[in-house]
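Descriptive analysis of the structure
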Amino acid sequence: MKRRTIFLILIVIFIALGTALLAVANIDDKQNTQDVKVINEAASNNGAVGSSAAYRAYSPEAVASASAQDKIVLFFHASWCPTCHVLDKDITDNSDKIPANVRILKADFDNETELKKKYGVRLQHTLVQVDKNGQKIALWSQSPSLSDVLNELQ
């Protein structure tokens, strides 16, 4: 009888663990779907994230196409980073407040390995100001809002 009870308890535990793992997998799938939606929106807006051309997906062409007077900021964003999501939402919601000479380019922290090496980026939610030629001007982390990002610009 004791073995039977232990066996039933183990079955219940395995079922609970399986259910929990499926729930986590579904959450990851929903996040991936949201990420794909953002990428698709960016592609349909010539790389613009949301409705602003001043906030767009990173590409070498986006840096090269900036004018010499533009201030370019690379925002190293990770899909799994909660503080990155806060800043991303604030920039998107307030994109109309981005000055005409500022370009914020959203770089994928997990995929832009060479770019991270080039600028010495070691953690997500890092921002790097570069010039039109891609030379680093400034590097900082953890700006919680668009206004903080703009205040850091040199």
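Values in this document were obtained by computation on a predicted structure and should not be read as measured data.

Here we take up the overall build of the chain. Summing up its helical and strand segments, the chain has five helices and six strands in all. Each helix and strand of the chain, ordered N terminal to C terminal, gives the series α-β-β-α-β-α-β-α-β-β-α. Considering only residue pairs separated by 6 or more positions, the chain has 61% of its internal contacts joining residues 24 or more positions apart. Put simply, the chain shows about 9,600 Å² of open surface, and 58% of that area lies on carbon and sulfur atoms.

Moving on, we get to the pairing of strand β4 (residues 102-108). The buried fraction of β4 amounts to five of the seven residues, a majority that puts the element mostly inside the structure. Inspection of the sheet shows strand β3 (residues 71-77) paired to β4 by seven bridges, in the parallel sense. Note on β4: the bridge partner recorded for Lys71 is Val102. This β-α-β element, β3 to helix α3 (residues 82-93) to β4, shows right-handed connectivity.

Its place among the elements puts Ala138 in strand β6 (residues 136-141). Each C-alpha atom, one on Ala138 and one on Gln154, is 7.6 Å from the other, the two residues being 16 residues apart in sequence. When neighbours within four sequence positions are excluded, Ala138 is seen to be in contact with Leu127, Val128, Gln129 and Gln154.

Attention now moves to the nonpolar core. Among the nonpolar cores identified, the biggest contains 33 residues, and Leu74, Phe75, Phe76, Ile91, Ile98, Ile104 and Tyr119 are the most heavily contacted of them. Look past the residues within four positions of Ile91 in its chain and what remains in contact with it is Tyr55, Phe75, Ile98, Ile104 and Leu146.

Turning to the packing of aromatic side chains, a few remarks are in order. Applying the stated rule across the entire model yields one aromatic pair. With centroids separated by 6.3 Å and ring planes inclined at 80 degrees, the aromatic side chains of Trp80 and Phe109 adopt a geometry described as edge-to-face. Separated by 29 residues along the polypeptide, Trp80 in the loop between β3 and α3 and Phe109 in the loop between β4 and α4 (113-119) bring together distant segments of the chain. With relative accessibility at 9%, the residue Phe109 sits in the buried group. Across the ring face of Phe109, the terminal group of Lys116 is positioned such that the distance to the ring centre comes to 3.9 Å.

Thresholds, definitions, all that
Residues numbered from 1 in each chain as written. Predicted model: local features only at pLDDT ≥ 70, side-chain atom pairs only at ≥ 80, totals over all residues. Heavy atoms only, no water. Helix = DSSP H or I, 4+ residues; strand = E, 2+ residues; numbered from the N terminus. Contact = heavy atoms within 4.5 Å. Areas by Shrake-Rupley, 256 points an atom, 1.4 Å probe, with all protein chains shown as cover. Buried < 20%, exposed > 50% of the residue type's maximum accessible area, 1.4 Å probe, protein only. Pairing = 2+ DSSP bridges. Right-handed = clockwise from strand over helix to strand, strands pointing away. Core = buried A, V, L, I, M, F, W, Y, C linked by side-chain atoms within 4.5 Å. Phe/Tyr/Trp six-rings, centres within 6.5 Å; stacked < 30°, edge-to-face > 60°. Lys NZ or Arg CZ within 6 Å of the ring centre and 35° of its normal.

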